[in-house]
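# Structural features, examined
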Amino acid sequence: MLRLLAMLVLFGAFAAGAEAQEPQRSECLAIANGPPRATPVSLRRVAAKADEVAITYAGHSTYYIDTPGGIRIATDYSGVYQTGRLPDVVTMNRAHSTHYTLFPDPRIPHVLHGWGENGQAAHYAMRIGDVYIRNVTTDIRRYWGEDPGGEMIKDGNSIFIFEVAGLCIGHLGHLHVKLDDSQFAAIGRLDIVMVPIDGTYTMSLDGISEITKRLRAAVVLPMHRFATPLDEFMQLIGRQFEIDRRGGERTLRISRDTLPATPTVIILDGV
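What you see is a predicted model; the values in this text were computed from it and never measured. (Residues numbered from 1 in each chain as written. Predicted model: local features only at pLDDT ≥ 70, side-chain atom pairs only at ≥ 80, totals over all residues. Heavy atoms only, no water.)

## Concerning the pairing of strand E7 (residues 131-140)
Put simply, the rule reads: For the exposure calls, accessible area comes from a 1.4 Å probe over protein chains only, and a residue counts as buried if that area is under 20% of its type's maximum, exposed if over 50%, partly exposed in between. To qualify as a helix, a DSSP run of H or I must reach at least 4 residues; to qualify as a strand, a run of E must reach at least 2; elements of each kind are numbered from the N terminus. Strands qualify as paired when DSSP identifies two bridges or more between them.
In terms of burial, E7 is largely enclosed, as nine of its ten residues are buried. The hairpin turn running from strand E6 (residues 125-128) into E7, its antiparallel successor, is two residues long, and Gly129 in that turn takes a positive phi close to 60°.

Here's what the structure looks like:
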């Protein structure tokens, strides 16, 4: 009996250790790939109020995401577009120098390059505070000083996904190519998506509008706009999207419970 008890204790410790070492699980992928569920709309409103996430437009393709747990993230960070305190996490893409810096402030704890080294794709699946961060890579065109007539850079751009407070937030980066089914599957469900709408340097408006429609996030935050007429983008993504212009307001405060019922393009001040 003593031997059997010792074996059971040893097995329990091994199982607990194996469970502790399991990789982080994406809730956005789990929900997107799970079986369809019928949930009455009224049940969503009586749930406990979720913590809010603050999303601030700083400029170009840089949004700051402030989580309920105090983690601050800056997207496509070059160091030029700054607001408030120094971020804890910065994500970057290699398109050109307005989307990355090789010399970020050394006080930034987490610097995530959207490109890999030595021919390997960047891969992130990590928890920092109350946010889980992962990425899906895409190819990009070559730019100035890199033989523009050559092949595309494989996996040179990352779509970063931030999972926090029950929200799935995606940033498409400097997207140059249409996404295939495997990439849409790897992205999973997005509640909020940041979309480049310049129509030239990244993708055509036709191309980016098709991606936006397929992702069908509750909130679309345009970026990388330049002089793109917003009306043209809105016409292309269709009538199923509402538009909400926030003149004089650069910060969106939002929670799972306050997502709009109809997919909405929110234009923050400065976009």
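## Looking at the nonpolar core
Worth spelling out the cut-off: Joining through side-chain atoms within 4.5 Å is the link that ties buried Ala, Val, Leu, Ile, Met, Phe, Trp, Tyr and Cys residues into a set, and such a set is a nonpolar core. By definition in these notes, contact holds between two residues if any of their heavy atoms fall within 4.5 Å.
Residues Tyr63, Ile169, Leu172, Ile192 and Leu221 are the most contacted members of the largest nonpolar core, which totals 57 residues. With five residues, the single largest contributor to this core is strand E8 (residues 153-164). For Leu172, the contacting residues outside a window of four places in its chain are Asn157, Ser158, Ile159, Val193, Met194, Val195, Pro196, Ile208, Ile211, Leu215 and Met223. In terms of nonpolar packing, the next biggest core, distinct from the first, is built from eight residues, Val90, Met92, Ile108 and Trp115 among them.

## Notes on the pattern of salt bridges
Spelled out, the test is: A carboxyl oxygen of Asp or Glu within 4 Å of a side-chain nitrogen of Lys or Arg is what we treat as a salt bridge.
For the coordinates displayed, the defined rule picks out ten salt bridges. Between Arg72 and Asp66 there is a salt bridge, and its shortest N-O distance comes to 2.8 Å. The salt bridge involving Arg189 is made with Asp191; its shortest N-O contact spans 2.6 Å. With respect to burial, Arg189 and Asp191 carry one shared label: buried. Residues joined in a network through salt bridges with shared partners are Arg189, Asp191 and Arg256.

## Notes on the confidence of the model for the chain
Definition in use: Looking at any residue, its pLDDT shows the predictor's confidence there, from 0 to 100.
Looking at the chain as a whole, its pLDDT mean stands at 77, while 70% of the residues score no less than 70. No element of the chain has a lower mean pLDDT than helix H3 (residues 41-46), at 33, and none a higher one than strand E3 (residues 72-74), at 98. This stretch, residues 35-49, has a pLDDT under 50; its non-local contacts, to residues over four places away or in other chains, come to nine contacts.

## Here we look at the sheet that holds strand E2 (residues 62-66)
Short version of the rule: Inter-axis angles, ranging from 0 to 180 degrees, are taken between N-to-C directions of lines fitted to C-alpha atoms, where helices are fitted over the stretch in contact.
As summarised here, the arrangement of the six strands in space is E5-E4-E3-E2-E1-E13, forming an open sheet in which the pairing is mixed. The two strands at the open ends of the sheet, each matched to only one other strand, are strand E5 (110-113) and strand E13 (251-254). Here the average twist between neighbouring strands, direction ignored, is 15°. Here three bridges tie E2 to E3, and the two strands are oriented antiparallel to one another. Looking at the pairing, Tyr64 lines up with Ala74 of E3.

## A closer look at helix H6 (residues 230-237)
Defined as follows: Taking the helix axis as origin, the arc is that swept by the directions to the C-beta atoms.
Every buried residue belonging to H6 is among Leu230, Phe233, Met234 and Ile237, and all of these are buried. When H6 is viewed along its axis, its buried side chains cluster within an angular range of 100° and face the same direction. Positive backbone phi, at 95°, marks Gly238, one or two positions downstream of H6.

## Overview of the packing of aromatic side chains
Formally: Only Phe, Tyr and Trp rings take part, Trp by its six-membered ring, and two of them pair if their centres are within 6.5 Å. Stacked means planes under 30 degrees apart, edge-to-face means over 60, and tilted covers everything else.
Going through the model one piece at a time under the given rule, you end up with three aromatic pairs. Ring geometry for Tyr124 versus Phe160: centroids 5.8 Å apart, planes at 35°, classification tilted. One end of the pair, Tyr124, is in the loop between E5 and E6; the other, Phe160, is in strand E8, with 36 residues separating them in the sequence. Summarising the burial analysis for this pair, Tyr124 and Phe160 share the class buried. Accessibility expressed as a relative area gives 1% for Phe160, which makes it buried. Put simply, the rings of Tyr124, Phe160 and Phe162 touch in pairs and so form one group of aromatic residues.

## Some words on unusual backbone geometry
Phi at Asp76 is positive, roughly 40°, even though this residue is not glycine. Looking at where Asp76 falls in the secondary structure, it is placed in the loop between E3 and strand E4 (89-92). Accessibility expressed as a relative area gives 0% for Asp76, which makes it buried. Backbone geometry at Ala165 places phi at a positive 55°, although glycine is not the residue there.

## Examining the side chain of Ser26
Stated formally: What qualifies as a polar contact is a pair of N or O atoms within 3.5 Å, subject to a donor-acceptor requirement within protein and to the restriction that residues adjacent in sequence count only when both atoms come from side chains.
Here Ser26 shows up in the loop between helix H1 (2-20) and helix H2 (27-33). With a relative accessible area of 8%, Ser26 lands in the buried category. A distance of 3.4 Å separates a polar atom in the side chain of Ser26 from the backbone nitrogen of Cys28. Within the local environment of Ser26, its side chain forms a polar contact with the side chain of Glu163, the two groups lying 2.5 Å apart. Ignoring sequence-local partners within four residues, the contact set of Ser26 consists of Tyr132, Arg134 and Glu163.

## Points about the pairing of E13
Only one face of E13 is buried: it carries Leu252 and Ile254, and the other face, with Thr251 and Arg253, is open. As judged from the four bridges shared by strand E1 (residues 53-59) and E13, these two strands associate in the antiparallel manner. Bridge pairing in E13 places Ala54 opposite Arg253.

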